[in-house]
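Take a look at the letters that make up each chain.
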Amino acid sequence: MHPTPAQPPRAAHDREIESLAEFDQVVAEHGSLAQFRVQAVDLTGRTAALLRLDTTGAVFLGCPMDAGAAAHVRSAGALVFPPVPGLPFDPYRGFVYTPDELFESLDEGYEATPDARAYAWFERTKADGDIFGSMLRAVHDDSVSDALDELLVGARVVGVMGGHAMARGTDAYAGAARLGRELTRAGFTVATGGGPGAMEAANLGAYAAPFADGMLDDALRLLAKAPSFRPSVTDWARAAFEVRERWPDGGVSVGIPTWFYGHEPPNAFAGHIAKYFANATREDGLLARSTAGVVFLPGAAGTVQEIFDNATPNYYGSRGEPTPMVLVDGGHWTKELPAWPLLRSLARGREMESRIALVDRIEQAPEAIKRLGG
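Residues numbered from 1 in each chain as written. Predicted model: local features only at pLDDT ≥ 70, side-chain atom pairs only at ≥ 80, totals over all residues. Heavy atoms only, no water.

A.B. asks: What exactly am I supposed to notice about the sheet that holds strand β2 (residues 37-39) here?
C.D. replies: Through backbone hydrogen bonds, the strands of a sheet pair up, either in parallel or in antiparallel fashion. Reading across the sheet, the four strands line up as β1-β2-β3-β4 and stay open at both edges, with parallel pairing between neighbours. Only two strands of the sheet have a single partner each, and these edge strands are β1 (16-17) and β4 (79-81). Alignment of β1 against β2, held across two bridges, turns out to be parallel. When the sheet's bridge partners are listed, Glu 16 is paired in β2 with Arg 37. (Pairing = 2+ DSSP bridges. Helix = DSSP H or I, 4+ residues; strand = E, 2+ residues; numbered from the N terminus.)

And the structure:
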């Protein structure tokens, strides 16, 4: 049985309107806004449509509109959540971020960017214990999760986990970049924690995937002039944008960073950035969305935590079939931080046993991911 033209589609995501073009399309095709959710769309130029159309059960999330139109749709049965003034972010946003969006005004210094201003707001409201601030953070993070789910429909996502301390200009950084490039060329979508170090390197490799191999070597040399985001995030970010300007339209990957670690800026090579306020939501979401497996590069406490955060649902089967886990650098994971022996013991006799591997060299990781994933 097909719905009549006046009815919205039944799937939840199909009822979401996230741009003015989508709004106009829905109006033209359905002639009704009943039960739709309109997310962060400026409707100040659509007053006539709002006054004319059925809005029963509709929800308007942060949509600027004429006061008369807002009063009318409320009286017709819609819920209207107005925009919140004075925020450095939109809690109702319909899409994940882009590097250009987060680093806007970088020419004035990193402190002037929306990313830095959102972190400053987070620190201030967190310290105040303001219930309104915590509500806005929760709404924002849920909106980002919704946008990320829509973005990744059908993608084969491989997570790359590793520490933020890995400096540009090192062999380890270059290896992580080659890993990201190889995974992207193999048809995977690379997802990282979205920050500096190993995370940036993997996103850089994904960005380099469409270009000839020499591009990555040249980019690594350019980036080495600003090895770390310390002492200057501004210089570190500018070097990345210099690479992007010299080689535009690179490969696409995902970064999932957090303002909880606000001293670590997001990197500019992840084409899509799902940035969260809540670190727990961010970490669990990153691992849960790595449906084609996870590569764990040498890291410290954070990476160890991620290994076992990922192992737990694989152990219990709570997310279905276990996904591949590849640990890179036998010496690191068996001697320095011996996570591998414990992981192997946990996996013994369970379905996940055939989905874990330890490799010595980063160049072996892509093949291991493919093999373990069948």
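A.B. asks: Honestly, the layout of surface pockets in this entry has me stumped. Any pointers?
C.D. replies: Any space left empty among the atoms is revealed by the rolling of a water-sized probe across them. The computed volume of the largest pocket comes to approximately 450 Å³. In terms of lining residues, the largest pocket is bounded by 25 residues, among which Gly 162, Gly 163, His 164, Glu 264 and Gly 302 are the most central. Counting residues per element, the ones that place at least two in the lining of the largest pocket are α11 (279-288) and α12 (301-316). Residue contributions to the lining of the largest pocket peak at five residues, all from α12. (1 Å grid on protein atoms, 1.4 Å probe; cavity = no way out; pocket = protein on both sides within 12 Å on 5 of 7 lines; lining within 4 Å. Points joined across faces, edges and corners; volume = space filled by probe spheres on them.)

A.B. asks: Is there a simple way to think about the pattern of salt bridges in this case?
C.D. replies: Opposite charge on two side chains allows them to pair when their charged atoms are near. Considering all chains together, one arrives at 17 salt bridges under this definition. The residue Arg 46 makes a salt bridge to Asp 24 at a minimum N-O spacing of 2.8 Å. Of the two residues, Arg 46 sits in the loop between β2 and α2 (47-52) while Asp 24 sits in helix α1 (residues 20-30), which places them 22 residues apart along the sequence. For Arg 46, a relative accessible area of 24% corresponds to the partly exposed category. When its relative accessible area of 31% is taken as the criterion, Asp 24 is described as partly exposed. Close ionic contact of Arg 244 with Asp 100 constitutes a salt bridge, the shortest N to O distance being 3.3 Å. Of the two residues, Arg 244 sits in helix α10 (residues 233-246) while Asp 100 sits in helix α4 (residues 99-102), which places them 144 residues apart along the sequence. (Salt bridge = Lys/Arg side-chain N within 4 Å of Asp/Glu carboxyl O. Buried < 20%, exposed > 50% of the residue type's maximum accessible area, 1.4 Å probe, protein only.)

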